[in-house]
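Report on the structure
The primary structure of each chain is shown beneath.
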Amino acid sequence: MTRKGSSYNLLLVAAVMLASLVAGSLRASAQNDAQFTQYWAVPTYYNPAATGTIDFIRIRGGAKLQWIGIENAPKSFMGAADMPVKLGKKHRIGVGVLFNQESIGLYQNLGVSAQVSYKFKFLKGTWSVGVQPGYYNSKFKGSDVYIPEGDDFHQPDDPDLPKSDVSGNAFDLSAGVLYSHKYFSVGVSVLHILEPTLTMDDEGGSDSETVEFQAVVPRQAYFTADGNIPLRNSLFSLQPSLLVRTDFSNFSAEATMRATYNKFISFGVGYRYKEAISAMVAVEFKNFFLGYAYDYPLSTIAKASSGSHEIVAGYMVKLNLGEKNKNKHRSIRIM
């Protein structure tokens, strides 16, 4: 967030505040999309093309408490629902809705989106192309700004900092492509394509004049890959998965390996590059899904935090689309 005509970025304030809360020993960074460890369980959160991939109405919700023990650390919540729709005998689309909310430091971000995807057969698999128009809101608690003594970057009377709570809204747009095969899927998506700019007004600005501030939601690109490998003469199957993200200046990647027994319970481990190692467990029974993940930080965050906790829960309702559901037990997304 910056004041027009100024080079200051208000994101630095949140970083300074979070660092000061842990005795200045940690460096904080802002997130605009939640970092779900069970990303494989909420595919439509990262790619609108993942809507309608199975013959169910799929409802999923997730919550993540990041860096337990650090005040004002990120808290993320999301809810999503999607389903397939047939148009005639040859055409099929997916539709969905997505809600996500995140708080980090003095920021609170909210997104509400609609999703639609079109599917077609090609190269022995199904291709899906999806778009996601939405509404994005961001709030900054300027009334809670605290400038530590000796801060060389900001002063208590800095005109580039809001003196009261400010917020702004913007139109958001995302899109993605997904290829699904019998045993694997790969997808590419770009969220916040237009890099929406949020203009915020602070009525408590200097000289009783309205002061405008701006915050930009950075563009994020994602690559995902999932696999489903049945083990011969066994009730076990393996589900490797990968998520890579970038805002074109920073890079993050994480890999996960899960083992599922009898299509009922799964255990897994994950590694987020230079950030965390994870352990997870999930169960699925009569179309109910419940998953839990724990992240242990590998960075200096570990000096102040015991780790992160995450829960994903959901339910599915079977749809009769007039054809055999080939993906019912092979879908890597519902194990």
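Residues numbered from 1 in each chain as written. Predicted model: local features only at pLDDT ≥ 70, side-chain atom pairs only at ≥ 80, totals over all residues. Heavy atoms only, no water.

1. Examining the overall build of the protein chain
A count of helices and strands for the protein chain gives two helices and 18 strands. The buried share among the 335 residues of the protein chain stands at 47%. Summarising the internal contacts of the protein chain: among those between residues at least 6 apart in sequence, 57% fall at separations of at least 24. Only carbon and sulfur atoms are counted for the fraction: they give 61% of the accessible area of the protein chain, which is about 16,400 Å². (Helix = DSSP H or I, 4+ residues; strand = E, 2+ residues; numbered from the N terminus. Buried < 20%, exposed > 50% of the residue type's maximum accessible area, 1.4 Å probe, protein only. Contact = heavy atoms within 4.5 Å. Areas by Shrake-Rupley, 256 points an atom, 1.4 Å probe, with all protein chains shown as cover.)

2. Points about the nonpolar core
Phe36, Trp40, Val42, Tyr45, Tyr46, Met78 and Phe289 are the most contacted members of the largest nonpolar core, which totals 19 residues. If you list the elements that add at least two residues to this core, you get α2 (43-46), β3 (75-87), β16 (276-285) and β17 (288-297). Setting aside chain neighbours within four positions, we find Phe36 in contact with Val42, Tyr45, Tyr46, Gly62, Ala63, Lys64, Ser76, Met78, Glu254 and Glu310. In terms of nonpolar packing, the next biggest core, distinct from the first, is built from 12 residues, Phe140, Val166, Phe213 and Ala215 among them. (Core = buried A, V, L, I, M, F, W, Y, C linked by side-chain atoms within 4.5 Å.)

3. Remarks on the pattern of salt bridges
Under the definition given, this model contains seven salt bridges. Arg58 serves as the salt-bridge partner of Asp82, at 3.0 Å between the closest nitrogen and oxygen. On the criterion of sequence distance, the pair formed by Asp82 in strand β3 and Arg58 in strand β2 (residues 56-68) is long-range, its members being 24 residues apart. As far as the burial class goes, Asp82 and Arg58 line up, both buried. Residues Glu195 and Arg219 are paired through a salt bridge, measuring 4.0 Å at the closest nitrogen-oxygen approach. Of the two residues, Glu195 is situated in the loop between β8 (184-191) and β9 (197-202) and Arg219 in the loop between β10 (211-216) and β11 (220-227); the sequence distance between them amounts to 24 residues. Each of Lys64, Glu254, Arg272, Asp295 and Glu310 takes part in a single network of salt bridges with overlapping partners. (Salt bridge = Lys/Arg side-chain N within 4 Å of Asp/Glu carboxyl O.)

4. Here's the deal with a nonpolar patch on the surface
Taken together, the side chains of Phe264, Phe267, Val281, Val283, Phe285, Leu290, Tyr292 and Ile311 make up a nonpolar region of the molecular surface, amounting to roughly 700 Å² of accessible area. Considering each element in turn, the nonpolar patch owes the most residues, three residues, to β16. The topology assignment puts Phe264 in the loop between β14 (251-261) and β15 (265-272). The exposure class assigned to Phe264 is partly exposed, which follows from its relative accessible area of 37%. (Patch = residues over 30% accessible without salt bridge, like charges linked within 9 Å, V, L, I, M, F, W, Y side chains within 5 Å.)

5. What to know about the pairing of strand β4 (residues 91-104)
Successive side chains on a regular strand alternate, one facing one side of the sheet and the next facing the other. Relative to β4, β3 runs antiparallel, the two sharing 13 bridges. Looking across to β4, one finds that Asp82 is bridged to Gly96. Taking the residues between adjacent antiparallel strands as the criterion, β4 and strand β5 (residues 107-122) are bridged by two residues, where Gly105 takes a positive phi near 60°. (Pairing = 2+ DSSP bridges.)

6. Structural notes on the pairing of β17
Judged by which residues are buried, β17 turns out to be one-sided: Phe289, Gly291, Ala293, Asp295 and Pro297 face inward and are buried, whereas Phe288, Leu290, Tyr292, Tyr294 and Tyr296, on the alternate face, are not. Relative to β17, β16 runs antiparallel, the two being bridged by 10 bridges. When the sheet's bridge partners are listed, Phe285 is paired in β17 with Phe288. Turn length for the β16-β17 hairpin, with the two strands adjacent in sequence and antiparallel, is two residues, and the turn residue Lys286 shows positive phi of about 50°. Strand direction decides the pairing type here: β17 and strand β18 (residues 307-318), joined by eight bridges, are antiparallel. Across the sheet, the residue bridging to Phe288 is Tyr315, located in β18.

7. A word on empty space enclosed by the protein
Considering all chains together, one arrives at six cavities of 30 Å³ or more under this definition. If you trace the largest cavity, you find 15 residues lining it, with Asp33, Asn100, Gln132, Asp172 and His192 closest to the centre. Counting only elements with at least two residues in the lining of the largest cavity, the list comes to β4, β5, β6 (125-140) and β7 (166-180). Here the residues of the lining of the largest cavity sort into six nonpolar, seven polar and two charged. (1 Å grid on protein atoms, 1.4 Å probe; cavity = no way out; pocket = protein on both sides within 12 Å on 5 of 7 lines; lining within 4 Å. Points joined across faces, edges and corners; volume = space filled by probe spheres on them. Nonpolar A, V, L, I, M, F, W, Y, C, P; charged D, E, K, R; others polar.)

8. What to know about the confidence of the model for the protein chain
Residue-level pLDDT values for the protein chain average 83, and 79% of them are 70 or greater. Below a pLDDT of 50 lies the segment residues 3-31, which in the model reaches 62 contacts outside its immediate sequence neighbourhood of four places, other chains included. Confidence over residues 325-335 falls short of pLDDT 50; this stretch has 37 contacts with residues more than four positions distant or in other chains. (pLDDT = per-residue confidence, 0-100.)

9. Things to note about the packing of aromatic side chains
If you walk through the whole model with that rule in mind, you get 11 aromatic pairs. With a centroid separation of 5.0 Å and an interplanar angle of 65°, the aromatic rings of Tyr107 and Phe140 are classed as edge-to-face. Of this pair, Tyr107 sits in strand β5 while Phe140 sits in strand β6, placing them 33 residues apart in sequence. This pair shows no difference in class: Tyr107 is buried, exactly as Phe140 is. Through successive ring pairs, a cluster of aromatic residues spans Phe36, Tyr45, Tyr46 and Tyr222. Stacked on the ring of Phe289, the Lys or Arg Arg60 has its end atom at 4.2 Å from the ring centre. (Phe/Tyr/Trp six-rings, centres within 6.5 Å; stacked < 30°, edge-to-face > 60°. Lys NZ or Arg CZ within 6 Å of the ring centre and 35° of its normal.)

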